[in-house]
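The lines below spell out each chain.
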Amino acid sequence: MRWLREHFFSSWPSALTTLVLLFVLFEALPPFIDWAFVEAIWTGPDASAACRAARGEGACWAYIGEKHRFILFGTYPYDEHWRPALAMLVLLALWGLSALRRAWRWWLAVVWGCGLAAIGGLMWGGFAGLPYVENERWGGLMLTLLLTTFGIAAAFPLAIALALGRRSTLPVVRALCIGYIELIRGVPLISLLFMASVMLPLFLPEGLSIDKLLRAQIALILFAAAYLAEVVRGGLQAIPRHQYEAADALGLGYWSRTAFVILPQALRIAVPPLVNVLVGFFKNTSLVVIIGLYDLLTSVKVGLQEPAWSGFGVEAYLFAAATYFIFCAAMSLYSRRLELASPGSSWPPARAAGS
Amino acid sequence: MKRSAKRAAIQAAVLLAVGAAAWFLVSNTLSNLEARRIASGFSFLQREAGFAIGESPIPYSAADSYLKALVVGLANTFRVSAFGIVLATLIGFAVGLGRLSPNALLRGLCAAYVELFRNTPLLVQLFFWYALITETLPPAREALQPLPGVFLSNRGIFFPLPGSVPVLQGFNFSGGAHLSPEFAALLAGLSIYTASFIAEIVRAGVLSIRRGQREAAQALGLTPAMTTRHVVLPQALRVIVPPLTGTYLDLTKNSSLAVAIGYPDLVSIANTAINQTGQAIEGIAVIMAVYLTISLSISALMNWYNARVLRR
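Novice: Got a minute to help me understand the overall build of chain A in this structure?
Specialist: The helix and strand tally for chain A stands at 16 helices and zero strands. Its C-alpha atoms give chain A principal-axis dimensions of about 75 × 70 × 35 Å. Every one of the 355 residues in chain A was classed for burial, and the buried ones make up 36%. Contacts in chain A between residues at least 24 apart in sequence constitute 66% of all its contacts with a sequence separation of at least 6.

Novice: Any chance you could explain the overall build of chain B here in plain terms?
Specialist: Along its length, chain B carries ten helices and five strands. For chain B, whose C-alpha radius of gyration is 25 Å, the value lies well above the compact-globule estimate of 20 Å for 312 residues. In terms of principal-axis extent, the alpha carbons of chain B reach across some 80 × 75 × 30 Å. Within chain B, the proportion of its 312 residues that are buried is 37%. Sequence separation of 24 or more characterises 60% of the internal contacts of chain B that already satisfy a separation of 6 or more.

Novice: Please clarify how the packing of helix α2 (residues 66-98) of chain B against helix α7 (residues 224-254) of chain B should be interpreted in this entry.
Specialist: For any two helices packed against each other, one specifies the crossing angle of their axes together with the interaxial distance. All names here are of chain B. In contact at an axis separation of 10 Å, α2 and α7 are set at 140 degrees when each is read in the N-to-C sense. Considering the angle they form, α2 stands oblique to α7. For the pair α2 and α7, the sense of crossing is right-handed. The residues of α7 that touch α2, namely those facing Ser81, Gly84, Ile85 and Ala88, are Tyr248, Leu251 and Thr252. Among the residues forming the contact of α2 with α7, the class breakdown is four nonpolar, three polar and no charged.

Novice: In this structure, what is going on with the sheet that holds strand β1 (residues 151-153) of chain B? I would like to understand it.
Specialist: Through backbone hydrogen bonds, the strands of a sheet pair up, either in parallel or in antiparallel fashion. Residues and elements named next belong to chain B. Spatial strand order, β1-β2-β5: three strands in an open sheet with antiparallel pairing. Either end of the sheet is taken by a strand with one partner, and the two such strands are β1 and β5 (177-179). Direction aside, the axes of adjacent strands within the sheet are offset by 15 degrees on average. Pairing between strand β2 (residues 156-159) and β5: three bridges, direction antiparallel. Each bridged residue has a counterpart across the sheet, and for phenylalanine 159 the counterpart in β5 is alanine 177.

Novice: What exactly am I supposed to notice about the interface of chain B and chain A here?
Specialist: Size of an interface, as often reported, equals the accessible area lost when the parts are brought together. Facing the 51 residues of chain B at the interface are 47 residues of chain A. Secondary-structure elements contributing two or more residues to the side of chain B that touches chain A are α1 (2-36), α3 (104-118), α4 (122-136), α5 (181-207), α7, α8 (258-261), α9 (266-277) and α10 (280-311) of chain B. Ranked by residue count, the leading element in the side of chain B that touches chain A is α1(B), at 13 residues.

Novice: Can you help me understand the nonpolar core in this one?
Specialist: Generally speaking, soluble globular proteins have nonpolar side chains that are buried together. Of all hydrophobic cores here, the largest spans 159 residues; its most connected members are A:Leu193, A:Leu228 and B:Leu126. Top contributing element to this core by residue count: α5(B), with 15 residues. Non-local contacts of A:Leu228, meaning those with residues more than four positions away in its chain, are made with A:Ala155, A:Phe156, A:Ala159, A:Leu274 and A:Val277. Within the second largest apolar cluster, six residues are counted, among which are B:Ala140, B:Ala143, B:Ile157 and B:Phe158.

Novice: Please clarify how the packing of helix α13 (residues 271-284) of chain A against helix α15 (residues 313-341) of chain A should be interpreted in this entry.
Specialist: Residues and elements named next belong to chain A. Following both chains from N to C, one finds α13 and α15 inclined at 170 degrees, their axes separated by 8 Å at the closest point. What the angle tells us is that α13 and α15 run roughly antiparallel. Two secondary-structure elements touch here, α13 through Val271, Pro272, Val275, Asn276, Leu278, Val279, Phe282 and Lys283 and α15 through Tyr324, Phe327, Cys328, Met331, Ser332, Tyr334, Ser335, Leu338 and Glu339. Taken together, the residues that form the contact of α13 with α15 break down as twelve nonpolar, three polar and two charged.

Novice: Just to check I follow, could you spell out α5(B) for this structure?
Specialist: Residue pairs spaced three or four apart in an α-helix point in one direction, given the helix's 3.6 residues per turn. Residue and element names in this part refer to chain B. Between the first and last C-alpha of α5 there are 39 Å, a value that for 27 residues agrees with the 39 Å anticipated at 1.5 Å per step. Remark: the principal bend of α5, roughly 25 degrees, maps to alanine 195. The buried fraction of α5 amounts to 23 of the 27 residues, a majority that puts the element mostly inside the structure.

Novice: What exactly am I supposed to notice about the pairing of β2(B) here?
Specialist: Strand residues, when the strand is regular, have side chains that alternate between the two faces of the sheet. In this structure, β1(B) lies alongside β2(B), joined through three bridges in antiparallel fashion. Looking across to β2(B), one finds that B:Phe151 is bridged to B:Phe158.

Novice: Would you mind going over helix α4 (residues 62-73) of chain A with me for this structure?
Specialist: Those residues of α4(A) that fall on the buried side of the exposure criterion are A:Ala62, A:Tyr63, A:Ile64, A:Lys67, A:Ile71, A:Leu72 and A:Phe73. Taken from the residues just after α4(A), A:Gly74 is the one with a positive phi, measuring 65 degrees.

Novice: What should I look at first to understand the confidence of the model for chain B in this one?
Specialist: Regions with low pLDDT carry predicted coordinates that are not meant to be interpreted in detail. Residues and elements named next belong to chain B. Of all residues in chain B, 99% have pLDDT values of 70 or greater, and the mean over the chain is 87. Across chain B, the secondary-structure element scoring lowest on mean pLDDT is strand β4 (residues 172-174), at 78, and the one scoring highest is α5, at 94. As scored by the predictor, the complex reaches a pTM of 0.89 and an ipTM of 0.88.

Novice: What is the right way to read the confidence of the model for chain A from this model?
Specialist: A residue-level look at chain A finds 96% of positions with pLDDT of 70 or above and a mean pLDDT of 86. Per-residue pLDDT stays below 50 along residues 344-355 of chain A; that stretch engages in eleven contacts with residues further than four places along the chain or on separate chains.

Novice: Help me understand the environment of A:Thr298 in this model?
Specialist: All names here are of chain A. Structurally, threonine 298 can be placed in helix α14 (residues 296-303). When the C-alpha atoms of threonine 298 and glycine 139 are compared, they prove to be 8.8 Å apart, with 159 residues separating the residues in sequence. If near-sequence neighbours (up to four positions away) are discounted, threonine 298 is found in contact with Val289 and Leu293.

Novice: Looking at this structure, I do not really get the environment of A:Leu213. What am I missing?
Specialist: All names here are of chain A. Here leucine 213 lies in helix α10 (residues 212-237). Given 19 C-beta atoms within a 10 Å radius, leucine 213 is considered partly exposed. For the pair leucine 213 and leucine 143, spaced 70 residues apart in the sequence, the C-alpha separation amounts to 9.5 Å. Setting aside chain neighbours within four positions, we find leucine 213 in contact with Asn135, Trp138 and Leu293.

Rules of the game
- Residues numbered from 1 in each chain as written.
- Chains lettered and ligands numbered in written order.
- Predicted model: local features only at pLDDT ≥ 70, side-chain atom pairs only at ≥ 80, totals over all residues.
- Helix = DSSP H or I, 4+ residues; strand = E, 2+ residues; numbered from the N terminus.
- Buried ≥ 20, exposed ≤ 12 C-beta atoms within 10 Å, placed from the backbone.
- Contact = placed C-beta atoms within 7 Å.
- Rg over C-alpha atoms; globule rule 2.2 N^0.38 Å.
- Axes fitted to C-alpha atoms, helices over the stretch in contact; angles between N-to-C directions.
- Parallel < 35°, antiparallel > 145°, perpendicular 65-115°, else oblique.
- Left-handed = near helix turned anticlockwise from the far one by under 90°.
- Nonpolar A, V, L, I, M, F, W, Y, C, P; charged D, E, K, R; others polar.
- Pairing = 2+ DSSP bridges.
- Core = buried A, V, L, I, M, F, W, Y, C linked by C-beta atoms within 7 Å.
- Expected span 1.5 Å × (residues − 1).
- Bend = angle between axes of the 7 residues up to and from the residue.
- pLDDT = per-residue confidence, 0-100.

Here it is in structure tokens:
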């Protein structure tokens, strides 16, 4: 009773707010629950017709059931679906391993290299009796995860180089890095994706062509590198001067100082904001729908073009949103816990500045 | 002396490498353009565009030039970004302050809002709002009327202006002001998504104000609302404004997702022009130049404002 009073009715305005919000919830929630669960069509022999009959009364989740393989794996050959499924497990294991503080060592890079090679092998095949599957047929949630994973994995070293370059004392190197980072951060991702899909073919010598997936992946890598570089730079800036001086006093040169003293500390500091960039990047991979790659969002969208399922966009996009939400919320939660757990937590920055 | 010679050598080498890469790309591009017989240069801007644009704040017809079409696109980008920035700021401040409310129910709902919208891609939200408007709202004849004179239908939102009230004529409304489904979905998506980021910034800004400030204001006899308005917010703004700039920029850049739902913003018009003329390099250069200009101007404006807030 006391708890109720403290949290919901502590003052007249608060009590009024509670009552108004409760009223709104009671008005809005039951119809929504009716639509989403009670009256919803989940399965059935002729689900599409049943969905049409229940139009406006109940949600059509049968669409998701009907298309789940397509949403997961796109147009990957049906009999070979165990391969992307297995690759997805490897991929999730890689992310899981990287989340452990104990694994933040140099060997993690080696594990990633092997893991990515295994994923590539599984997806492409073409050896040991696995039929070759060209990457035009990769798709669905798996493609979203692949674009994110390979994108971050390739952008990360590039980002470190850019961040170091931006803090370099060599004016030419610094200017080039600043120019690159600010250019990329100043334009929308979609313009980079357009550039990759229509301009990249023009950049290459005649006879050499790269496919659409790889082109989009290159654009995503170039994009992610600029944002990651700024986060890495933040980590570098947080390293106190005496660390540099101590390394100098030991007689270390620039490269050994950077590799063994500065970077290991800077990257650890930068992990929570890095995860936030990762969340943003994961969401941004959905933009490939605009240049026609079959990622999760495209698969959900394309299924709606069949006459039988047209008009169920609300359900389809709610499902897509929920899928993205699970991944993003998990990553956000992880990043927040890291921030709270780290002893020298510097969040919120304004407070740490000691005003 | 030896050190400076080494530094000069490194920089010369970097410059040489970047220059060589640039030359390689440019020469490839030139020979490719020649092989494919694609014209280059910006003279196409003067040619007749030949396509109609769904909505335009300035008069435009298909007989106008590509340049005019791009200007229409830019105006549409500005239109949706300006409304979006205002709406996102309002919602963002309300939700951010709501998360700090003593009322647990309000706090919980605001937290749910932030988590929900921040953790789903903007593009999915855009598709969702667009589907909600075009698929679930009734046709114009059976339009919903939440307020007198305001009509919601799958043709978009109609609302009255002074001296002009929307009236049903045939299959659509005429008169009043009209938000197309594309504009409404884009505006809703952009402002609701961006507001979730602004809310977090506002919350962090208010939390950065030490408790003593609030207690001192209360000791002076100010009500909680007055304390927030006159003591906490002015100080919190110093922390809030710099990251707020970033979200405004993001919103403007994100308005380019309009191309996915068919709102004729700069990017979708440039995209149409590229498809018609084949002049991809020029088209993308226009997009990038415009967005870079917008980015740099907004950050300059915000730096100026920030300097003013700091001085107070």
